[in-house]
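Residues per chain are reported as follows:
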Amino acid sequence: MIYVRIINTLTKQRVIFASLKSVQNKNMKKNNATLQLSKEEMRLYGYKVVDAIVEHFDNQDKKLPVSKGTRKEMDHLFLEEAPENAMNATAVLDFVLKEVVTKSTIVSHPKAFSFVPGPSNYISAMADTLATGFNIFSGGWAASPAAAELEVVTLNWLLKIFGFPVKKGGGIFTSGGSMANLTAIVTARKIKCGDDFSKAVIYLSDQAHSSNIKAIRVLGFKKEQIRIIPTNLEFKFSLNKLKNAIARDRLGGLKPFCLIATAGTTNTGTVDPLSEIAAICKKENIWFHIDGAYGGAAILSKDGKKMLKGIEKADSLTVDPHKWFFQPYEMGCLLVRNINHLKGTFTETPEYLKDVEGNKSEINFYDHGVQLTRRFRALKFYMSIKTFGLGEFRKAITYNIKLAEEVEECLRNSPQWEVISPATLAVINFRYNPIDENLNEKKLDALNQYISEQVVASQEALLVTTILHGQTVLRMCLINPRTTMEDIKETFALCNKIAETQKPF
Ligand SMILES: *Cc1c(COP(=O)(O)O)cnc(C)c1O
């Protein structure tokens, strides 16, 4: 009897255990140390992923753009030890679709006005999927000649668009604008200073993007080697102050070697006086780097092209396709007037790469920048431009610039709103400022801060403040081609409603 009971219990347990296992590993091979799925499993899994992405592209405009979550809430949802045993593949995917991708701000939402939106596009998203799916190594020619060629081809498109010499010039796709700026400053230093940069001085304006300072610090420059030149009332590089600073440094026995101008500041869209700065750099033998990470793409529109005149005079230029060229993250780009400058800075050939060096025309992009192993970034740029045509990109960018101008018009016609910095390259800064004697500057700052906080708290729109000339102002960056005047009017209505609740101010 007892014997039979034990057998029964054991069998039962085994059955339960086996059935649990089969639920857990329903779609997985038992022994899966090769990390593979069957063809059918991959297919079903992939379809589910594509369906989710398509659903997002189709439906994102109707979702709330702002996501929130405290560390505590996220820990509660996700914190766990790395699981030693397999889980059901679909269950993991379902969990990610439900809890992970839903908890980030939709930067491609028509009401995501802040920082720099990332409108993206479906073709490029799929191109990235292909590049990852085939795990294409984009370091050297020998490994992937077509990937290298497409990087050459798309860089040539950009060189031509920006008026750089296509034959002598070149570039590299990077993770983003920060990496492009870093790559440019290393190159400038190598070409202008060689290995001794103890006396080198670099110039940038107080509106230059923080990634430049970060790069300068990463490169080991001391504080005394950095000159931050004040901007004028229009937020442009003050040329007199710049010239004085250079003269003073020369007198002090220092070596001015690089100047960073901005073509479209992130704050206000302002373009520095590029041609004048180019002339100063030429005269002074200073490397002229332009940070066009935000505004560079505007060259595809007629008005933008006029504003960016002089951009073609730079020694190096950062543009950021994952901003206004509508590419998904990550994709930045550095263009240089003379490709030998990049090669001269980054070529290091260790023994094990000797065999793959190839002939000179066969470009190894690991010689153009910091990374050896690189993902195939050029593919998304290539496929999206081919699919939509450059003309549609021009139209989208032209629309964005005009939309910001329309918003400015609308604000100027509303008595409670004040334009602080006019629409420039699709950026506009403004503040709520009704005629009310109770409102002083301090109260106005607090009121605009409050409006922004409440808009974000409502999750209806992403609209945050920046500081201009010491004032707290609201900033809209309108590079999403799906943003309409209707989206903007709804957002202003929301702001007005929030402000009304604060009365009397
Ligand atoms: C966004 C931006 C950068 C940094 O680029 P990332 O792609 O975020 O690394 C640099 N400069 C300017 C002007 C920018 O707007």
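## A word on the environment of A423
Link 1 in the chain: Of note, A423 is situated in strand β8 (residues 417-424).
Link 2 in the chain: Sequence separation between A423 and G169 is 254 residues, and the spatial gap between their C-alpha atoms is 33 Å.
Link 3 in the chain: Each residue touching A423, except ones within four places of it in the same chain, is listed here: A404, E405, E408 and I428.

## Thoughts on the side chain of S301
Link 1 in the chain: Mapped onto the secondary structure, S301 falls in the loop between β5 (287-292) and α11 (302-307).
Link 2 in the chain: Beyond its immediate stretch of four places on either side in the chain, S301 contacts I397, T398 and I401.

## Observations concerning the site of the ligand
Link 1 in the chain: Around the ligand, the surrounding shell holds 13 residues, and the nearest of these are S178, D291, D320, H322 and K323.
Link 2 in the chain: Within the side chain of D291, an N or O atom sits 2.6 Å from a nitrogen atom of the ligand.
Link 3 in the chain: Summarising the interface, the protein chains cover 86% of the accessible area of the ligand, which totals 380 Å² for the free molecule.
Link 4 in the chain: Residue contributions to the shell around the ligand peak at 3 residues, all from helix α7 (residues 177-193).

## Here's the deal with a nonpolar patch on the surface
Link 1 in the chain: Judged by side-chain polarity, F95, V100 and V101 come together as a nonpolar surface patch covering roughly 230 Å² of accessible area.
Link 2 in the chain: On the secondary structure map, V100 appears in helix α4 (residues 89-100).

## Topic: the sheet that holds strand β4 (residues 255-262)
Link 1 in the chain: A sheet is described by the order of its strands in space; here 7 strands give the open sequence β1-β7-β6-β5-β4-β2-β3, paired in mixed fashion. Looking at the sheet topology across the chains shown, the edges are occupied by β1 (170-174) and β3 (226-229). For this sheet the average axis-to-axis angle between neighbouring strands, irrespective of direction, equals 20 degrees.
Link 2 in the chain: Examined bridge by bridge, β5 and strand β6 (residues 316-319) share 4 bridges and lie parallel to one another. By the bridge assignment for β6, G292 is matched with V319.

## Let's talk about the confidence of the model for the protein
Link 1 in the chain: Mean pLDDT over the protein works out to 94, with 94% of the residues at or above the 70 mark.
Link 2 in the chain: Mean pLDDT values over the elements of the protein span from 46, in helix α1 (residues 2-24), up to 99, in β6.

## Examining the state of the cysteines
Covalently bonding the sulfur atom of one cysteine to the sulfur atom of another cysteine gives a disulfide.
Link 1 in the chain: On inspection of all chains with the given rule, the structure shows 0 disulfides.
Link 2 in the chain: Left without a disulfide partner, C281 is nearest to the cysteine sulfur of C258, which lies 8.0 Å away.
Link 3 in the chain: Here C495 is not disulfide-linked; the sulfur of C410 is the nearest cysteine sulfur, at 11 Å.

## Looking at the pairing of strand β7 (residues 332-336)
Link 1 in the chain: Along β7, 5 of the 5 residues are buried, which leaves the element largely enclosed by surrounding structure.
Link 2 in the chain: Side chains G332, L334 and V336 project from β7 onto one buried face, and the interleaved C333 and L335 project onto a second face that is buried too.
Link 3 in the chain: In this structure, β1 lies alongside β7, joined through 5 bridges in antiparallel fashion. By the bridge assignment, G171 is partnered in β7 with L335.
Link 4 in the chain: In this sheet, β7 lies alongside β6 in antiparallel orientation, the contact comprising 4 bridges. Residue pairing across strands places T318 opposite L334, the latter belonging to β7.

## Description of helix α6 (residues 145-161)
Link 1 in the chain: Between the first and last C-alpha of α6 there are 24 Å, a value that for 17 residues agrees with the 24 Å anticipated at 1.5 Å per step.
Link 2 in the chain: Of the positions making up α6, those classed as buried are A147, A148, L150, E151, V152, T154, L155, L158, L159 and I161.
Link 3 in the chain: The inward-facing, buried residues of α6 contact β1, β7, α13 (378-388) and α14 (390-412).
Link 4 in the chain: Once α6 finishes, G163 follows within two positions and takes phi at roughly 75 degrees, a positive value.

## What to know about the domain arrangement of the protein
Link 1 in the chain: As assigned here, the protein comprises domain 1 (2-106) and domain 2 (392-500).
Link 2 in the chain: Listed as interface residues are 8 residues of domain 1 and, on the opposing side, 7 residues of domain 2.
Link 3 in the chain: Among the residues of domain 1 in contact with domain 2, L64, V66 and K68 are the three that bury the most area, contributing 63% of the side total.
Link 4 in the chain: Of the charged contacts, one joins D61 and R482 as a salt bridge, the two residues approaching to 2.4 Å between their closest N and O atoms.
Link 5 in the chain: For the pair domain 1 and domain 2, the interface holds 3 residue pairs in polar contact (both at pLDDT 80 or more).
Link 6 in the chain: Partitioning the side of domain 1 that touches domain 2 into residue classes produces 3 nonpolar, 3 polar and 2 charged.

## Here we look at the sheet that holds strand β9 (residues 427-432)
Link 1 in the chain: The antiparallel open sheet is built from 4 strands, whose spatial order is β8-β9-β11-β10. Among the strands making up the open sheet, the edge pair consists of β8 and β10 (465-468). The mean angle between the axes of side-by-side strands here comes to 35 degrees, regardless of whether they run parallel or antiparallel.
Link 2 in the chain: In this structure, β8 lies alongside β9, joined through 5 bridges in antiparallel fashion.

Calculation criteria
- Residues numbered from 1 in each chain as written.
- Predicted model: local features only at pLDDT ≥ 70, side-chain atom pairs only at ≥ 80, totals over all residues.
- Heavy atoms only, no water.
- Helix = DSSP H or I, 4+ residues; strand = E, 2+ residues; numbered from the N terminus.
- Contact = heavy atoms within 4.5 Å.
- Near = heavy atom within 4 Å.
- Polar contact = N/O pair within 3.5 Å; in protein donor to acceptor, adjacent residues only side chain to side chain.
- Areas by Shrake-Rupley, 256 points an atom, 1.4 Å probe, with all protein chains shown as cover.
- Patch = residues over 30% accessible without salt bridge, like charges linked within 9 Å, V, L, I, M, F, W, Y side chains within 5 Å.
- Salt bridge = Lys/Arg side-chain N within 4 Å of Asp/Glu carboxyl O.
- Pairing = 2+ DSSP bridges.
- Axes fitted to C-alpha atoms, helices over the stretch in contact; angles between N-to-C directions.
- pLDDT = per-residue confidence, 0-100.
- Disulfide = S-S within 2.5 Å.
- Buried < 20%, exposed > 50% of the residue type's maximum accessible area, 1.4 Å probe, protein only.
- Expected span 1.5 Å × (residues − 1).
- Domains from an automatic or database assignment.
- Buried area = accessible area lost by both parts, 1.4 Å probe.
- Nonpolar A, V, L, I, M, F, W, Y, C, P; charged D, E, K, R; others polar.

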